[in-house]
Every structure is written in structure tokens, then in C-alpha cells.
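Listed below, chain by chain, are the residues.
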Amino acid sequence: MYKLEEPIYFYLLAIIPVMIVIFLLVLWWKKRTQKKFANSDLLERLAPNSSTFKTTLKLVFLLIGMAFLIVSLVNPKMGTKLQTVKREGVDVVFALDVSKSMLAEDIAPNRLEKSKQIISKIIDKLGSDRVGIIIYAGNAYPLLPITTDHGAAKMFLQNANPDLVSSQGTAITEALNLAKTYYNNDEQTNRFLIIISDGEDHQEETKQVAQNIANEGVKVYTIGVGTEKGGPIPMKINGSLIGYKKDNKGETVITKRKPEVLQGIADAANGNYIDGNKTDNPVKIIENIISNAQKSEFETKQFSDYKDQFQWFIGIGILFLLIDIFLFDKKTKWLRKVDLFNEEKK
């Protein structure tokens, strides 16, 4: 197993094709200029030791050396062994509404992006707790199974959008049922389900399902985003606004947050409803709840003893640069004497 400490330095590799283009242009210019000065036979007599091959070979060694030095800046690290680590924490599953109504911009930048901000900041506050993400609209899908890799959770979270779900609607019930499969540690005493939605298009049986999951020991919290006044749902292509969603009568659809729906789900599960329009509000509340929860011990496997490998790349890079320095761009005399193809007799 390996990891890259500073992958941003890979951008420096763009120098290599630039240098190749410059070399080809200079070579073309030299050839063109030489032809104006004299013909090829005369140039061969005037500069018998000139070698385009050796000049090209020097460039190859130089570029290989630079490539290895750039990779050394990235600092690849190698994991030497897989070990089991015992941690203490709770299980937190986020159920994120990605229906079209979450694109409404009645709160900046829009309801979906606001929800992502809330989840991301809550994840930042978690310690060794495990986290999972479910997305739902007309159907519910697992976006990320429960894991201790918070970096991966935030990366997957950024990709959540309505296009990932095949049908529209707000299937909170399906999200609740899917969440049950996430809690794979029977010894975990504290399991949390955090639903983030605007509460529109809910299903009637949702409260009963929420009550059932609460009876299984899962603590349910709902976070509402959007305003009661509401706003239109923008329709965009490649980021450009082309209009707003309309109903069958041609009227612009106004989507509104339904806090009473989310409050009802929370009440049925003996949980709490939280207003999410101000990001810090739900983050502080959830952080306080989780920090005061009893932590259970669980095991996780991870690669340890990551060791720096940059020194190998520096060594190889310097070796190629030294070869480039001591390699002359003139023809090698002893190779000329070999005369493998009997060129001297012609």
C-alpha cells in the first residue's frame, strides 16, 4: 500500500513536454541555419564530431533525471504492514436528500451545497468515529459504506448530486431502511442517523419506520434546509441557467421547506429537529451530542509504518543528471573506430 504526500508537485511534470518542444524547435532552427551556410557534405567535414543522436540522448537523460526529482518532491510513501487498530467511537450515518428541490437557491449557495457544508463540518469534528453516507431522492442509494476514513467520506460527499439517483421524489423511508444495514457492529451502543432534507414529498409511513429504527437503538436527528417562503428550482446546463422548473400548467414550481415533516420524523424516533440554515447551528449541536455519547471499542485494519521513499527517486534522478553532465554531445571516438557497417571503405 502506498500514499502520495504532496501530489500537487506532479504538475511540474508539465515542464518535460515544454522542454521537448523547445528542443525540437531549436534543432529545426539549427538545421535550417546550417543549410543556409553550407551543404551537408561540407558541414560533415567542418564538424565531423557533431552528433544529433548524442544531443538527443543527453536531453533524454536530463528529462528522466528531472522526472525522478519531481516525483521525489511528491514523496511517495510505502505502507510496510497491515495492522489491526482498536479505536473508540460511535457510528454516524448521514442520509442526504439529493432531490431536485434541494437545488433551490433560497439559501446560499443552494440547499444541497448547504447540506454538504453541514455534513463536511460535522465530519471535521468527529474523532475516531465511523461515518457512512446515504443519498436519496425517489430511491435511496449507499454513497459510502461506514468507514473511519473521513477524507474519503468528504471526497464522496462532494460528488453527491441529483443525477446519481434515477428517480425523483423524497424517499426518506427507503433511506431509513437502508440505514439499518449500515450499523454492522452489534456491540455499538451509540448509533446515530442524521437526515438532512427540505422535507418535501415525504411518505406517510416514514414516521412508523423512524420509530422502528429508534426502537433498534438508533438515535435519529433531522436537519432542515431551505426557507418556508421557498424558491424556484433552477434548471441548468453546464452551469448556465436555462430557466426554472414548471408544473403541468406551465407555472413555475416553488419549493418550500417543510419543518413540520422533519419535526414529525424526529418526534417519532425520540430525536430532535435542527434548523440547518445557519451552518454552525447544527454542527455545534451534533458535535455536542456525539462528544457526550458513550464510545464503544471497535477494530479497524490499516496500513502502518508508512516510510518515505523520496530518497530513491532523488538518487536515481541525480544519477541521470550526472550521466547527462559527463556525456558529451560529440561523437564517441572509439565507437567510430569500430565501424560495424564498413562505412569507412565506402
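This text follows the structure it describes.
Computed from a predicted structure; not experimentally measured. (Residues numbered from 1 in each chain as written. Predicted model: local features only at pLDDT ≥ 70, side-chain atom pairs only at ≥ 80, totals over all residues. Heavy atoms only, no water.)

A. Looking closely at the pairing of strand β3 (residues 91–97). When you tally the buried positions in β3, you get 7 out of 7 residues, the bulk of the element. Side chains Asp91, Val93, Ala95 and Asp97 of β3 all project onto a buried face; the interleaved residues Val92, Phe94 and Leu96 project onto the opposite face, where all are buried too. Bridge count between β3 and strand β4 (residues 130–136): 7 bridges; the pairing is parallel. Bridge assignment links Asp91 to a residue of β4, and that residue is Arg130. Taken together, β3, helix α4 (residues 111–125) and β4 constitute a β-α-β crossover, and its handedness is right-handed. For β3 and strand β6 (residues 191–197), the ladder comprises 6 bridges, and the chain directions are parallel. From the neighbouring strand, Phe94 faces β6, where its bridge partner is Ile194. (Buried < 20%, exposed > 50% of the residue type's maximum accessible area, 1.4 Å probe, protein only. Helix = DSSP H or I, 4+ residues; strand = E, 2+ residues; numbered from the N terminus. Pairing = 2+ DSSP bridges. Right-handed = clockwise from strand over helix to strand, strands pointing away.)

B. Examining the pattern of salt bridges more closely. All told, the structure shown has 10 salt bridges when counted by the stated rule. The salt bridge partner of Asp124 is Lys154, with a shortest N-O separation of 2.7 Å. One end of the pair, Asp124, is in helix α4; the other, Lys154, is in helix α5 (residues 150–158), and 30 residues separate them in sequence. Taking relative accessible area as the criterion, Asp124 reaches 48% and is therefore assigned partly exposed. A salt bridge links Arg257 to Glu228; the nearest nitrogen and oxygen atoms lie 3.1 Å apart. (Salt bridge = Lys/Arg side-chain N within 4 Å of Asp/Glu carboxyl O.)

C. Representation of the environment of Glu287 within the structure. Following the sequence through the fold, Glu287 ends up in helix α9 (residues 280–291). Taking C-alpha positions, Glu287 is 9.7 Å from Asp124, a pair spaced 163 residues apart along the chain.

D. Region of the structure containing helix α8 (residues 259–268). The element α8 is largely enclosed, with a buried count of 7 among its 10 residues. As for α8, its buried residues are in contact with α6 (172–180), β6, α7 (206–215), β7 (218–224) and β12 (272–275). Note on α8: the residue one or two positions beyond its end, Asn270, has a positive phi of about 60°. (Contact = heavy atoms within 4.5 Å.)

E. Representation of unusual backbone geometry in the model. A cis geometry characterises the amide bond from Ala108 onward to Pro109, with omega recorded as -10°. Within the secondary structure, Pro109 is located in the loop between β3 and α4. You will see that Asn270, though not glycine, has its phi angle at about 60°, which is positive. For Asn270, the location among the structural elements is in the loop between α8 and β12. Asn270 gets classed as exposed once you look at its relative accessible area, which sits at 73%.

F. How the structure looks around the nonpolar core. Ranked by size, the top nonpolar core spans 34 residues in total, and within it Val92, Phe94, Leu96, Val98 and Ile196 carry the most contacts. For this core, the secondary structure elements donating two or more residues are β3, α4, β4, β5 (140–147), α5, β6, β7 and α9. When residues of this core are assigned to their parent elements, the largest contribution, 5 residues, is made by α4. Ala140, Leu176, Leu193 and Ile265 belong to the second largest nonpolar core, which has 24 residues in total. (Core = buried A, V, L, I, M, F, W, Y, C linked by side-chain atoms within 4.5 Å.)

G. View of α6. Among the residues of α6, those classed as buried are Ile172, Thr173, Ala175, Leu176, Leu178 and Ala179. Of the surrounding secondary structure, the elements contacted by the buried residues of α6 are β3, β4, β5, β6, α7 and α8.

H. Quick peek at the side chain of Thr255. By the secondary structure assignment, Thr255 is in strand β11 (residues 254–255). A polar contact is formed between the side chain of Thr255 and the side chain of Glu200, at a distance of 2.8 Å. Beyond its immediate chain neighbours, meaning those up to four positions away, Thr255 contacts Ser101, Ala104, Arg111, Asp198, Glu200, Gly230, Gly231 and Ile233. (Polar contact = N/O pair within 3.5 Å; in protein donor to acceptor, adjacent residues only side chain to side chain.)

I. Local environment of the packing of helix α3 (residues 52–74) against helix α10 (residues 310–326). Two elements in contact, α3 and α10, have axes whose closest approach is 7 Å; the angle formed by their N-to-C orientations is 160°. On the basis of the axis angle, α3 is roughly antiparallel to α10. The hand of the α3/α10 crossing is left-handed. Two secondary-structure elements touch here, α3 through Lys58, Leu59, Phe61, Leu62, Ile64, Gly65, Met66, Phe68, Leu69, Val71 and Ser72 and α10 through Phe310, Phe313, Ile314, Ile316, Gly317, Ile318, Phe320, Leu321, Ile323, Asp324 and Ile325. Each residue belonging to the contact of α3 with α10 can be placed in one class, and the counts come to 17 nonpolar, 3 polar and 2 charged. (Axes fitted to C-alpha atoms, helices over the stretch in contact; angles between N-to-C directions. Parallel < 35°, antiparallel > 145°, perpendicular 65-115°, else oblique. Left-handed = near helix turned anticlockwise from the far one by under 90°. Nonpolar A, V, L, I, M, F, W, Y, C, P; charged D, E, K, R; others polar.)

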